[in-house]
Amino acid sequence: MKKIIQDYIKEELAQEIQPSFRAKQIYNWVYHKHADSFEEMANLPKSMRSELAEQFELHPLVQVSKQESRDGSIKYLFRLHDGHTVEAVLLLMKEVQYHEDGTLKHHRRYTVCISSQVGCKVGCAFCLTAKGGFIRNLSAGEIVDQVLEIYKDQGIPSNHRVNLVYMGMGEPLDNLDNVAKAVKIFSDMDGMSISPNRQTISTSGLSSKIERLGKMDLGINLAISLHAVDDELRERLMPINKAYNIASIMEAVRNFPVNQRKKVLFEYLVIKDVNDDLNAAKKLVKLLNGVKAKVNLIYFNPYPGTEFQRPEPEDMRKFQEYLLSKGVLCTIRESKGLDISAACGQLREQKLSEGVGR
Ligand code: SAH
Ligand code: SF4
């Protein structure tokens, strides 16, 4: 099988390819000019182009289908070379805006939500991805190509500022080496130049891996899927809590290198009558005492067959107000792409025989 060009950080590619300055040119073709073949890479010698084409593949992912949400978000289904599938979502955060004099205020703002594994081992009770079990890790190239394919599909220029969130299928820290590689490939200035401080890794709280990620000092943002403030409930919702309890997560967060102007994001999935009461909000404030934190409340997004329910907006608001009144930054996450099952926790592997691609 051919090697995948997007599996290589530039320094590795430079060792693989002689002379090494060619690595920079190839990066440019792949990530800036969105080349579809080695043949197009006009500033490489012809012999090199054919050698590359023999050894390497340019696109590990094939787009199977896409669905557009009423809010402008688009969910993509990609097929991997072994026939498995992953989903990624382009979230439209803000439309283009102009000043009154007609000058550009800002371009469209996008966030791309990407997958790191096919399925997930963690097995959270509320998550649809977990229902399909774990299939395998994605390679760095398979992670990177999700964004590249979306850029190409939408004609997003390579210098457009986008944010990346590792919040699709899978637990990124369970595939840390490949995810760390992807972070570096995305942020390479000869590539997509998506700065690490615009990339957020969300984890269910593998404390030892949070420590390892911290030591790598990649400059990324960290998000913790907390969802419960006592271990008993958290264990019920997230079995991983037996191995890594809340105290161990908080310890790992305290040791994590956070950019001066940034905070660690605590995601709190609110489920009706499970964790939506003010007592939980009070405990949360205590837990976050002394941590540079902000909280993102997430509405539970339902799917057929789930035992859980979406909370009342009124309870969400009360929860948020309590946190704000205690000086804890807190936002409520808009559920984007809900109508096309592209919202948090609604992504899953799809068997191609299920009739996708219509
Ligand atoms: N595995 C990582 C990242 C992927 S999940 C993690 O768990 O953090 C991204 C976010 O979606 C997590 O905060 C997760 O808890 C949340 N989520 C899972 N199922 C959900 C659902 N049904 N509704 C809303 N959010 C959900
Ligand atoms: Fe895995 Fe995250 Fe889903 Fe939990 S919420 S099962 S960690 S993808």
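The shown structure was predicted, so the numbers you read here are calculated from the model rather than taken from an experiment. (Residues numbered from 1 in each chain as written. Chains lettered and ligands numbered in written order. Predicted model: local features only at pLDDT ≥ 70, side-chain atom pairs only at ≥ 80, totals over all residues. Heavy atoms only, no water.)

Let's talk about the nonpolar core
Piece 1. Formed by 115 residues in total, the largest nonpolar core has its most connected members in F126, Y166, F186, F266, V295 and L323.
Piece 2. Looking at this core, you find at least three residues from each of domain 1 (3–56) and domain 2 (59–353).
Piece 3. When sequence neighbours within four positions are dropped, the list of residues in contact with Y166 reads I114, I143, P172, V179, A182, V183, F186, Q199, T200, I201 and S202. (Core = buried A, V, L, I, M, F, W, Y, C linked by side-chain atoms within 4.5 Å. Buried < 20%, exposed > 50% of the residue type's maximum accessible area, 1.4 Å probe, protein only. Domains from an automatic or database assignment. Contact = heavy atoms within 4.5 Å.)

A short note on the domain arrangement of the protein
Accessible area lost upon the coming together of the parts serves often as the stated size of an interface.
Piece 1. For the protein, the assigned domains read domain 1 (3–56) and domain 2 (59–353).
Piece 2. Distance between the C-alpha centres of domain 1 and domain 2: 31 Å.
Piece 3. Taken together, the contact pairs 16 residues of domain 1 with 21 residues of domain 2.
Piece 4. In total, domain 1 and domain 2 occlude about 1600 Å² of area from one another, counting both sides; carbon and sulfur atoms represent 55% of this.
Piece 5. Among the residues of domain 1 in contact with domain 2, Q6, Y31 and H34 are the three that bury the most area, contributing 36% of the side total.
Piece 6. Here domain 1 and domain 2 share five salt bridges between them. (Buried area = accessible area lost by both parts, 1.4 Å probe. Salt bridge = Lys/Arg side-chain N within 4 Å of Asp/Glu carboxyl O.)

Here we look at the site of ligand 2
Piece 1. Residues in contact with ligand 2, as listed here, are C120, V122, G123, C124, F126, C127, A130, G170, E171 and S204.
Piece 2. Looking at side-chain class alone, the shell around ligand 2 contains six nonpolar, three polar and one charged residues. (Near = heavy atom within 4 Å. Nonpolar A, V, L, I, M, F, W, Y, C, P; charged D, E, K, R; others polar.)

Structural notes on a positive patch on the surface
Piece 1. On the surface, a cluster of positive charge is contributed by K94, K105, R109 and R161.
Piece 2. With respect to the helices and strands, R109 occurs in strand β8 (residues 109–113).
Piece 3. On the basis of relative accessible area, R109 is assigned to the partly exposed category, the value being 38%. (Patch = residues over 30% accessible without salt bridge, like charges linked within 9 Å, V, L, I, M, F, W, Y side chains within 5 Å. Areas by Shrake-Rupley, 256 points an atom, 1.4 Å probe, with all protein chains shown as cover. Lys, Arg positive; Asp, Glu negative; His and termini not counted. Charge placed at Lys NZ, Arg CZ, Asp CG, Glu CD. Helix = DSSP H or I, 4+ residues; strand = E, 2+ residues; numbered from the N terminus.)

Things to note about a nonpolar patch on the surface
Piece 1. Where nonpolar side chains cluster on the molecular surface, the patch consists of V96, Y98 and L104 and spans about 270 Å² of accessible area.
Piece 2. Since its relative accessible area comes to 53%, Y98 is described here as exposed.

A closer look at the site of ligand 1
Piece 1. Close to ligand 1 lie 22 residues, the nearest being G170, S202, S225, H227 and N301.
Piece 2. Residue G170 places a main-chain N or O atom 2.9 Å away from a nitrogen atom belonging to ligand 1.
Piece 3. Here H227 contributes a side-chain N or O atom positioned 2.6 Å from an oxygen atom of ligand 1.
Piece 4. When isolated, ligand 1 has an accessible area of 530 Å², and the protein chains bury 96% of it.
Piece 5. Put simply, the parts of the chain that give the shell around ligand 1 at least two residues each are β12 (199–203), β14 (264–270) and β15 (293–299). (Polar contact = N/O pair within 3.5 Å; in protein donor to acceptor, adjacent residues only side chain to side chain.)

A word on helix α9 (residues 246–254)
Piece 1. Of the residues making up α9, those classed as buried are I246, I249, M250, A252 and V253. End-on view of α9: buried residues confined to an arc of 160 degrees, all on one side of the axis.
Piece 2. Elements in contact with the buried residues of α9: α7 (207–216), β13 (221–225), α8 (231–237), β14 and α10 (278–287). (Arc of directions from axis to C-beta.)

Concerning the packing of aromatic side chains
Piece 1. In this structure the tally under the stated criterion is six aromatic pairs.
Piece 2. Their ring planes at 75 degrees and their centres at 5.9 Å tell us that F300 and F308 sit as a pair that is edge-to-face.
Piece 3. Seen from the ring of W29, K33 lies directly overhead, with NZ or CZ sitting 4.0 Å from the centre.
Piece 4. In this structure, K121 packs its charged tip against the face of F134, placed 4.7 Å from the ring centre. (Phe/Tyr/Trp six-rings, centres within 6.5 Å; stacked < 30°, edge-to-face > 60°. Lys NZ or Arg CZ within 6 Å of the ring centre and 35° of its normal.)

Side note on the packing of helix α6 (residues 176–187) against α7
Piece 1. It is the contact of α6 with α7, at a shortest axis distance of 12 Å, that shows an interaxial angle of 30 degrees. Judged on the interaxial angle alone, α7 and α6 are roughly parallel. The two elements α6 and α7 meet at a crossing, and its hand is right-handed. Contact residues: L176, D177 and A180 in α6; K209, R212, L213 and M216 in α7.
Piece 2. When the residues that make up the contact of α6 with α7 are grouped by side-chain class, the tally is four nonpolar, no polar and three charged. (Axes fitted to C-alpha atoms, helices over the stretch in contact; angles between N-to-C directions. Parallel < 35°, antiparallel > 145°, perpendicular 65-115°, else oblique. Left-handed = near helix turned anticlockwise from the far one by under 90°.)

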